[in-house]
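What the coordinates show
Each chain, written out:
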Amino acid sequence: MELTVVATVNDTEITLGHMLVARATLPQQYQQLPDDALFAGLLDQLVQQNALAQTMTGDLSKRAQLALDNQNSG
């Protein structure tokens with residue numbers, strides 16, 4: 001997996017590997033677009049998801065925990 005860091009959210013690094021995994025989860029019509037066309041949008045999404053996850057405190061509901069697990073396993 002590619003370890004080149006493309007962004008940092010507090011202490012969490014977002015790597016090129018994260019970007020490639022996020023790209024692979026997109027619907028087929030988006031996967032056909034050039035990487036540079038998707039890069040900014042994917043990076044923005046990953047930054048926002050990491051920032052949101054870091055603001056969550058306390059116990060999550062089972063549904064929220066499952067959604068977060070699904071998000072992180074992509």
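Structure first, text after, so check above.
Here we summarise the structure given alongside this text. Numbering of residues begins from 1 in every chain and follows the order in which that chain's sequence is written. Reporting in this predicted model follows two pLDDT cut-offs: at least 70 for local features of residues, and 80 or more for side-chain atom pairs to be given and counted; totals over whole chains, interfaces and linings ignore these cut-offs and use all residues. Water and hydrogen atoms were dropped before computing side-chain values, which therefore reflect all heavy atoms in the structure.

**Some details on the overall build of the chain**
- Strands here mean DSSP runs of E at least two residues long; helices mean DSSP runs of H or I at least four residues long; both are numbered from the N terminus. Broken down by element type, the chain carries four helices and two strands.
- For the chain, the N- to C-terminal ordering of α and β elements is β-β-α-α-α-α.
- Here the chain holds 74 residues, and 15% of them are scored as buried.
- Carbon together with sulfur atoms contributes 53% to the accessible area of the chain, which is approximately 5500 Å² in total. Per-residue accessibility, obtained with a 1.4 Å probe over protein chains only, is compared with the maximum for each type, and a residue is labelled buried under 20%, exposed over 50%, and partly exposed between these values. Here the open area of atoms and residues is found with the Shrake-Rupley method and a 1.4 Å probe, where only the protein chains shown may cover a residue.

**Section: unusual backbone geometry**
- In this structure, Asn10 takes a positive phi of about 55° despite not being glycine.
- For Asn10, the position within the fold is in the loop between strand 1 (5-9) and strand 2 (12-15).
- Using a relative accessible area of 62% as the deciding quantity, one classes Asn10 as exposed.

**Describing the environment of Val5**
- With respect to the helices and strands, the residue Val5 is situated in strand 1.
- Val5 sits eleven residues away from Leu16 along the chain, and the two C-alpha atoms are 6.3 Å apart.
- Residues contacting Val5, with those up to four places away along its chain left out, are Glu13, Ile14 and Thr15. Contacts were defined at the residue level, with two residues in contact if any of their heavy atoms lie within 4.5 Å.

**Examining the nonpolar core**
- Counting nine residues, the largest nonpolar core is built from Ala7, Val9, Ile14, Met19, Ala22, Leu38, Leu42, Leu43 and Leu46.
- Of all elements in the fold, only strand 1, helix 1 (16-24) and helix 3 (35-55) reach the threshold of two or more residues within this core.
- Residue contributions to this core peak at four residues, all from helix 3. Only buried residues count toward a nonpolar core. Its members are Ala, Val, Leu, Ile, Met, Phe, Trp, Tyr and Cys residues joined through side-chain atoms within 4.5 Å.

**Considerations on helix 1**
- Of the positions making up helix 1, those classed as buried are Gly17, Met19 and Ala22.
- Its buried side turned inward, helix 1 meets strand 1, strand 2 and helix 3.

**A short note on the pattern of salt bridges**
- A pairing counts as a salt bridge when a side-chain nitrogen of Lys or Arg comes within 4 Å of a carboxyl oxygen of Asp or Glu. Tallying each qualifying case throughout the model produces one salt bridge.
- The partner of Asp35 in a salt bridge is Arg23, with the nearest N and O atoms 2.8 Å apart. In this pair, Asp35 is assigned in helix 3 and Arg23 in helix 1, connecting sequence segments twelve residues apart.

**Digging into helix 3**
- In a helix, the anticipated span is given by 1.5 Å times the number of residues less one. Here helix 3 contains 21 residues, and its C-alpha end-to-end distance of 30 Å stays within 8% of the 30 Å for a straight helix at 1.5 Å per residue.
- The set of residues buried in helix 3 consists of Leu38, Leu42, Leu43 and Leu46.
- Of the surrounding elements, those touching the buried residues of helix 3 are strand 1, strand 2, helix 1 and helix 2 (28-31).

**Looking at the pairing of strand 2**
- Here four bridges tie strand 1 to strand 2, and the two strands are oriented antiparallel to one another. Note on strand 2: the bridge partner recorded for Val9 is Thr12.
- Two strands are counted as paired when DSSP detects at least two bridges linking them. Between the end of strand 1 and the start of strand 2, which pair antiparallel, lie two residues, with Asn10 showing a positive phi angle near 55°.

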